[in-house]
Amino acid sequence: MPELHADPSLILIVDDSVDTIRLLSGMLKDQCQILFATSGEKGIGLARLHQPALILLDVEMTGLNGYEVCAALKADPTTKDCAVIIVTAHTGMDSEIRALEAGAVDFITKPFNPPVVRARVQTHLRLQQHTAMMRQLANRDGLTGLYNRRCFDEALTQEFERHRRQSLPLALALIDIDHFKAYNDHYGHPQGDVCLQRVATAIETAARRPGELVARYGGEEFVTILPHCDAHDAKKFAERLCEVVRSLQLAHRTSETAELVTISVGVASLVPSVESTTLQLIALADQALYQAKAAGRNRATVSTRP
Ligand SMILES: [Mg+2]
């Protein structure tokens, strides 16, 4: 999810020598949490699962070598933001260039100089924490505090890939405040902003399952990503959203639908296949939203297409 590095002090050591892992762990155990893997393949698996802030990656390994592992990590959206430090017995410009070209941020040579290893790890952990903080700020919508559109696009791409690998259904709920232009015209934009904030908070509070992400999609449109969710459960979730927004009891005197602020929700769910795209899922939810509006608003409609 957008908050990468659940534990910002988590590092992963990938080395086919258990002695080297022991040596590095001994140097670093006071400053970070450590995971380790004894092959490139296992390292990639652990990195995907835990998204460590930093990976110390041995170059000379049987199976995938360090450069290949690094390139694979950088090509995968779930691990591309993990910083990689290449560890090698080879010194010299060629090895350094190869490491940087593969996407590594730094380079440590064997035999180890413990203060140098500690200092480099510390520096990159700090940089990663700083980057995570900046990313967090860049991911938020200023008015509502929800994730913004750009962040939603990234998260949806990641979730789509993950659900494709797992052959599990992924659902979207597209949410629109009914007659919001009339609300703004009648109550004024400052009150309109308060309305957006109240509805945003209500939706965010309702989306509490792990991995559910709520974003501001456009002016008065919001969107929720619902992992591992079929159309039936997505519809139930969307109906609950309609209910929690009604129960805010925000007066809307110029609404043609009700005397309160209400929402319309379009939901769609699919198991991503090799051919399907995130745009298709969005289009299905958008069609369902259109149907919800055409049917009188203040309701949830599920896409009838597969
Ligand atoms: Mg080795």
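Our structure is the block above this text.
Source: prediction; values computed, not measured.

Caption draft 1: Here's a closer look at the sheet that holds strand 9 (residues 263-270). The five strands are arranged 7-8-6-9-10 in an open sheet whose pairing can be described as mixed. Two strands lie at the open edges of the sheet, namely strand 7 (213-216) and strand 10 (300-302), each paired on one side alone. The sheet shows a mean angle of 20° between the axes of neighbouring strands, direction not considered. Of the pairings in the sheet, the one linking strand 6 (residues 170-177) to strand 8 (residues 221-226) comprises six bridges and is antiparallel in character. The partner of Ala-171 across the bridge, within strand 8, is Leu-226. Helix-sheet contacts for helix 6 (residues 149-166) involve strand 6, strand 7, strand 8 and strand 9, and the interaxial angle to strand 6 is about 155°. Packed onto the sheet, helix 8 (residues 189-206) meets strand 6, strand 7, strand 8 and strand 9 and runs at close to 10° relative to strand 8.

Caption draft 2: Seen up close, the packing of aromatic side chains. Tallied over the full model, the rule gives three aromatic pairs. With a centroid separation of 6.0 Å and an interplanar angle of 10°, the aromatic rings of Phe-180 and Tyr-183 are classed as stacked. Within this pair, Phe-180 and its partner Tyr-183 are both found in helix 7 (residues 180-187), separated by three residues, close to a single helical turn. The residues Phe-180 and Tyr-183 share a single accessibility class, namely buried.

Caption draft 3: Representation of the coordination of the magnesium ion within the structure. Around the magnesium ion, the donor atoms from the protein are Asp-16 (OD), Asp-58 (OD) and Glu-60 (O), and they sit 2.1 to 2.4 Å away. All donor residues of the magnesium ion come from one chain, and their arrangement in sequence is D-x41-D-x1-E. Of this pair, Asp-16 sits in the loop between strand 1 (10-14) and helix 1 (18-28) while Glu-60 is found in the loop between strand 3 (54-58) and helix 3 (66-75), placing the two residues 44 residues apart along the sequence. For Asp-16, a relative accessible area of 33% puts it in the partly exposed group. Taking relative accessible area as the criterion, Glu-60 reaches 32% and is therefore assigned partly exposed.

Caption draft 4: View of the nonpolar core. If you look at the biggest cluster of nonpolar residues, it comprises 30 residues, and the most contacted ones within it are Ile-177, Cys-195, Val-199, Phe-222, Val-261, Ile-263 and Val-265. At the level of elements, strand 6, helix 7, helix 8, strand 8, helix 9 (231-246) and strand 9 are the ones that each hand at least two residues to this core. Those residues in contact with Val-199, other than ones at most four positions away along the chain, are Ile-177, Phe-222, Val-245, Leu-248, Leu-250, Val-261 and Ile-263. Counting residues in hydrophobic clusters, the runner-up holds 21 residues, among them Leu-213, Ala-215, Leu-281 and Ile-282.

Caption draft 5: Focus on the side chain of Asn-148. Residue position: Asn-148 is located in the loop between helix 5 (114-138) and helix 6. At a separation of 2.9 Å, a polar atom in the side chain of Asn-148 contacts the main-chain amide nitrogen of Cys-151. Apart from the residues within four sequence positions on either side, Asn-148 is in contact with Ala-138, Asn-139, Arg-140, Asp-141, Ala-215 and Arg-216.

Caption draft 6: Spotlight on the environment of Ala-138. Mapped onto the fold, Ala-138 is located in helix 5. Residues Ala-138 and Asn-148, spaced ten residues apart in sequence, show a C-alpha to C-alpha distance of 8.4 Å. Ala-138 has contacts with Asn-148 and Arg-150, leaving out every residue within four places of it along the chain.

Caption draft 7: Spatial organisation of the sheet that holds strand 1. The strand order across the open sheet formed by five strands is 2-1-3-4-5, and the pairing between neighbours is parallel. Each of the sheet's edge strands pairs with one partner strand only, and the pair in question is strand 2 (33-37) and strand 5 (106-109). Along the sheet, successive strands turn relative to each other by an average axial angle of 20°, direction set aside. Bridge count between strand 3 and strand 4 (residues 83-88): five bridges; the pairing is parallel. Residue pairing for strand 4: Leu-56 is matched across the bridge by Ile-85. Relative to the sheet, helix 2 (residues 40-50) contacts strand 1, strand 2 and strand 3, its axis offset from that of strand 1 by approximately 170°.

Caption draft 8: Representation of helix 10 (residues 278-294). The terminal C-alpha atoms of helix 10, which comprises 17 residues, lie 24 Å apart, in line with the 24 Å expected from a rise of 1.5 Å per residue. Looking only at helix 10, the buried set comprises Thr-278, Leu-281, Ile-282, Leu-284, Ala-285, Ala-288, Leu-289 and Ala-292. Looking straight down helix 10, one finds its buried side chains confined to an arc of 160°; they lie on one side. Away from its buried face by more than 90 degrees, helix 10 exposes Leu-279, Tyr-290 and Ala-294.

Rules used in this analysis
- Residues numbered from 1 in each chain as written.
- Predicted model: local features only at pLDDT ≥ 70, side-chain atom pairs only at ≥ 80, totals over all residues.
- Heavy atoms only, no water.
- Pairing = 2+ DSSP bridges.
- Helix = DSSP H or I, 4+ residues; strand = E, 2+ residues; numbered from the N terminus.
- Axes fitted to C-alpha atoms, helices over the stretch in contact; angles between N-to-C directions.
- Contact = heavy atoms within 4.5 Å.
- Phe/Tyr/Trp six-rings, centres within 6.5 Å; stacked < 30°, edge-to-face > 60°.
- Buried < 20%, exposed > 50% of the residue type's maximum accessible area, 1.4 Å probe, protein only.
- Donors = N, O, S within 2.8 Å, 3.2 Å for Na, K, Ca; no water.
- Core = buried A, V, L, I, M, F, W, Y, C linked by side-chain atoms within 4.5 Å.
- Polar contact = N/O pair within 3.5 Å; in protein donor to acceptor, adjacent residues only side chain to side chain.
- Expected span 1.5 Å × (residues − 1).
- Arc of directions from axis to C-beta.

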